[in-house]
Amino acid sequence: MKKNEKKFITGTRRGLGSALADYYGNCSSLEECEVFINCKHDGFKQVELLYEAAELGKRIINIGSNSPDQDKDKPHIYQIEKFALDKANEQLFYQGINTTIIRFGYFDSPRVQDIDAKKMDIDYCCSVINWVLNQPHRVKDITVCP
């Protein structure tokens, strides 16, 4: 990763997106960035943005979820949306796009503050993303859970 690569990060109002914007800064559009961090869950919009970033030739980090595997006994549309993001990432990766999906388990954020489960620190999640960006080779996916 070049030190001054511009990042475009979605979901910067709170949680992981906010922490990433504080850590990296955030340029104003997908078109002007070199690295796209697809962080905001917004229905299937994450999948649409992934394809748009791929068409623009961006380096992509998708923030997925471990919930499609973890909560199969409690079906919910969130799981399907994150599963679609996972499969789109896989498809584009094998087409040669430099895209990675990181499936985090629970991390300490406002979205899951009422869930009584072990959670990772957001700074640790940022360090995982930074690690992926600094690898000399493409990383297709990684799952990290507390």
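Above this text sits the structure in question.
Fair warning: this is a prediction, and the values are worked out from it, not measured in the lab.

Novice: When you look at the pattern of salt bridges in this model, what are you seeing that I'm missing?
Specialist: Opposite charge on two side chains permits them to pair, given that their charged atoms come into close proximity. This model, assessed by the stated rule, comprises six salt bridges. Among the salt bridges present, the one from Lys45 reaches Glu48, with a minimum N-O distance of 4.0 Å. Here the residue Lys45 and the residue Glu48 both occupy positions in helix α2 (residues 45-55), the gap between them amounting to three residues, near one helical turn. Residue class for Lys45 comes out partly exposed when judged on its relative accessible area of 36%. The partner of Lys87 in a salt bridge is Glu90, with the nearest N and O atoms 3.0 Å apart. Of this pair, Lys87 and Glu90 both sit in helix α4 (residues 77-94), separated by three residues, roughly a single helical turn. Overall, Glu90 belongs to the partly exposed group, its relative accessible area being 25%. Connected via shared salt-bridge partners are Asp86, Arg103, Lys140 and Asp141.

Novice: Sorry, what's going on with the pairing of strand β3 (residues 59-63) here?
Specialist: Successive side chains on a regular strand alternate, one facing one side of the sheet and the next facing the other. Of all five residues in β3, five are buried, a share of seventy percent or more. Side chains Arg59, Ile61 and Ile63 project from β3 onto one buried face, and the interleaved Ile60 and Asn62 project onto a second face that is buried too. When strand β2 (residues 35-38) meets β3, the two strands line up parallel, connected through four bridges. Of the residues in β3, the one forming a bridge with Ile37 is Ile61. Where the polypeptide runs from β2 across α2 and back to β3, its parallel neighbour, the crossover connection is right-handed. Examined bridge by bridge, β3 and strand β4 (residues 99-104) share four bridges and lie parallel to one another. Of the residues in β4, the one forming a bridge with Ile63 is Ile102.

How each quantity is defined
Residues numbered from 1 in each chain as written. Predicted model: local features only at pLDDT ≥ 70, side-chain atom pairs only at ≥ 80, totals over all residues. Heavy atoms only, no water. Salt bridge = Lys/Arg side-chain N within 4 Å of Asp/Glu carboxyl O. Helix = DSSP H or I, 4+ residues; strand = E, 2+ residues; numbered from the N terminus. Buried < 20%, exposed > 50% of the residue type's maximum accessible area, 1.4 Å probe, protein only. Pairing = 2+ DSSP bridges. Right-handed = clockwise from strand over helix to strand, strands pointing away.

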